Amino acid sequence: MRDVTTAQARPELDVQPTPLALLLLGREADPRSERGVECPGDLPSPSDPDLVERARAAKEKLGDKVFVLGHHYQRDEVIQFADVTGDSFKLAKDAAARPEAEYIVFCGVHFMAESADILTSEDQKVVLPDLAAGCSMADMATAEQVAECWDVLSEAGIAEQVVPVSYMNSSADIKAFTGKHGGTICTSSNAKRALDWAFEQGEKVLFLPDQHLGRNTAVREMGMSLDDCVLYNPHKPNGGLSVEQLRDAKMILWRGHCSVHGRFSLDSVNDVRERIPGVNVLVHPECKHEVVAAADYVGSTEYIIKTLEAAPAGSKWAIGTELNLVRRVANAHPDKEIAFLDKTVCFCSTMNRIDLPHLVWALESLAEGNLVNRIQVDKETESFAKLALERMLALP
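Residues numbered from 1 in each chain as written. Predicted model: local features only at pLDDT ≥ 70, side-chain atom pairs only at ≥ 80, totals over all residues. Heavy atoms only, no water.

## Describing the sheet that holds strand β6 (residues 184–186)
As a general point, the strands of a sheet are linked pairwise by backbone hydrogen bonds and lie either parallel or antiparallel.
Here is step 1 of the chain: Taken in spatial order, the five strands make up an open sheet running β6-β5-β7-β9-β8, and their pairing is parallel. A strand with exactly one partner marks an edge of an open sheet, and here the two such strands are β6 and β8 (229–232). Adjacent strand axes in the sheet meet at a mean angle of 25 degrees, parallel and antiparallel pairs treated alike.
Here is step 2 of the chain: When strand β5 (residues 162–167) meets β6, the two strands line up parallel, connected through three bridges. In the sheet register, V165 faces β6, and the bridge partner there is T184.
Here is step 3 of the chain: Docked against the sheet, helix α9 (residues 172–180) engages β5, β6 and β7 (204–208), running at close to 150 degrees with respect to β5. (Pairing = 2+ DSSP bridges. Helix = DSSP H or I, 4+ residues; strand = E, 2+ residues; numbered from the N terminus. Axes fitted to C-alpha atoms, helices over the stretch in contact; angles between N-to-C directions. Contact = heavy atoms within 4.5 Å.)

Structural data, given as structure tokens:
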């Protein structure tokens, strides 16, 4: 029997790969996405014993020209070179307060670097050591999806009643949409103030992109019921909601979440209470509602740090947030028993893409006069995003 090749047996199919397929294959990059696929070049080996000294030498060579920001969730090997540490908004403000720094090296994720670019001057250049350091939550709301959602709200006849409130953990596009439609930005520490303001402007809120922070704030701090909240799923027609559901709702929550905080469960809380009698459970408001309801304390990253600083010696704590931070605060307070809420290791995988080799590569490149991995928001997007941020800064 004659051997017939596949090519001979079957006619060629005229199939063109979609942009998404090319992106997943690593053959294209999506500049509007949090996740990049471009390789920055030749990185130092992670086994190079001179990495710490190389980072220190490059930073010293740059002097006041560089200002390094380190988010709380960064690994220790990176955070040691940060000039300041903090959450995303604090770091962006710190960068704006250092106009003499030509380069802002943001050891965090993409949306954070965007916020820094929005708030700093045109002369300052924001650098992200690894373009693939994104945020899964921010990726869950694209500009196209949110525009389609607004069309759904308009068709339901309620868009004029809706005020968008977007969490800081969102792309510049989403911040710009929020500013353009009369809304404001919030952080995990001022979400209630932002929602109070929004309900003074309109009857309903579209909360982007973290459903859990929106729900927890509305129910725990503002006295709403779970029935006042509906979940808009951008992957379903009309968000998976009827016109009646949209009209009856006070909080229209986007179907997004943090991949780290979303891992904690009610079982995690119950288990740690059995394992550690007398433990205080302290969690971030990005956790699920049932986890927050079962916890003893709930608050932002800064709140978690300050609560542990003020806690009495000998007290026991189980913390529901990113593991790098939990380890750091545990090491800083050896007089207290501080445990991770879940038995499973829970690093922020994209945040951890900023490692020492990438930081060394970025600093050495800048020291040699080569600007790499610059994060730059276009002027129109920046204008509307800044408007939304300024509304937040003006909150009472």
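## Some thoughts on the pattern of salt bridges
Here is step 1 of the chain: In the structure shown here, the tally under the stated rule is 14 salt bridges.
Here is step 2 of the chain: D271 is the partner of R275 in a salt bridge, and the nearest nitrogen-oxygen pair spans 2.6 Å. Separated by four residues within a single helix, R275 and D271 lie in helix α13 (residues 266–275), roughly one turn from each other.
Here is step 3 of the chain: Take R275: its relative accessible area is 38%, and that puts it in the partly exposed class.
Here is step 4 of the chain: Through salt bridges with shared partners, a single ionic network connects K65, E102 and K125. (Salt bridge = Lys/Arg side-chain N within 4 Å of Asp/Glu carboxyl O. Buried < 20%, exposed > 50% of the residue type's maximum accessible area, 1.4 Å probe, protein only.)

## Topic: the sheet that holds strand β3 (residues 103–107)
Here is step 1 of the chain: The five strands lie next to each other as β2-β1-β3-β4-β14, forming an open sheet whose pairing is mixed. Edge positions in the sheet fall to β2 (84–86) and β14 (374–375), since each of these pairs with one other strand and no more.
Here is step 2 of the chain: Pairing of strand β1 (residues 66–71) with β3 involves five bridges; the strand directions are parallel. Its bridge partner lying in β3, G70 is registered against C107.

## Looking at the environment of F207
Here is step 1 of the chain: Counting through the fold element by element, F207 comes out in strand β7.
Here is step 2 of the chain: Sequence separation of F207 and V163 is 44 residues, and the distance between their C-alpha atoms is 8.6 Å.
Here is step 3 of the chain: Apart from the residues within four sequence positions on either side, F207 is in contact with V165, C186, L195, L213, G214, M251, I252, L253 and W254.

## Structural notes on the side chain of S170
Here is step 1 of the chain: Tracing the sequence through the fold places S170 in the loop between β5 and α9.
Here is step 2 of the chain: S170 gets classed as buried once you look at its relative accessible area, which sits at 1%.
Here is step 3 of the chain: Side-chain polar atoms of S170 contact the backbone oxygen of Y167, separated by 2.8 Å.
Here is step 4 of the chain: Discounting chain neighbours no more than four positions away, the residues touching S170 are F111, A138, K175 and P209. (Polar contact = N/O pair within 3.5 Å; in protein donor to acceptor, adjacent residues only side chain to side chain.)

## A word on the pairing of β1
Here is step 1 of the chain: For β1, the tally of buried residues reaches six of six residues, placing the bulk of the element in the interior.
Here is step 2 of the chain: Of the two faces of β1, the one holding V66, V68 and G70 and the one holding F67, L69 and H71 are both buried throughout.
Here is step 3 of the chain: As paired strands, β1 and β2 are joined by three bridges and run parallel to one another. Bridge pairing in β2 links G70 to T85.

## Examining unusual backbone geometry
Here is step 1 of the chain: For the peptide bond that leads from L208 to P209, omega is -20 degrees, which places it in the cis range.
Here is step 2 of the chain: Within the element layout of this structure, P209 appears in the loop between β7 and α11 (211–222).
Here is step 3 of the chain: The phi torsion at N373 lies on the positive side, around 50 degrees, for a residue other than glycine.
Here is step 4 of the chain: Mapped onto the elements of the fold, N373 is located in the loop between α17 (356–367) and β14.

## Observations concerning α9
Here is step 1 of the chain: Taken across its nine residues, α9 has eight buried, putting it largely inside the fold.
Here is step 2 of the chain: Buried within α9 we find A172, D173, I174, K175, A176, F177, T178 and G179.
Here is step 3 of the chain: Where α9 is buried, its residues meet α6 (110–119), α8 (143–155), β5, β6, β7 and α18 (379–393).
Here is step 4 of the chain: Backbone geometry just downstream of α9 places G182 in the positive-phi region, at approximately 80 degrees.

## Quick notes on the packing of aromatic side chains
Here is step 1 of the chain: For the structure on display, the rule yields four aromatic pairs.
Here is step 2 of the chain: Seen from their ring centres, Y297 and W317 are 5.4 Å apart, and the 45 degrees between their planes marks the pair as tilted. Pair noted here: Y297 is in strand β11 (residues 297–298) and W317 is in strand β12 (residues 316–320), with a separation of 20 residues, a long-range link.
Here is step 3 of the chain: For Y297, a relative accessible area of 32% translates into the label partly exposed.
Here is step 4 of the chain: The exposure class assigned to W317 is buried, which follows from its relative accessible area of 5%. (Phe/Tyr/Trp six-rings, centres within 6.5 Å; stacked < 30°, edge-to-face > 60°.)

This is a description of form; function is not addressed.
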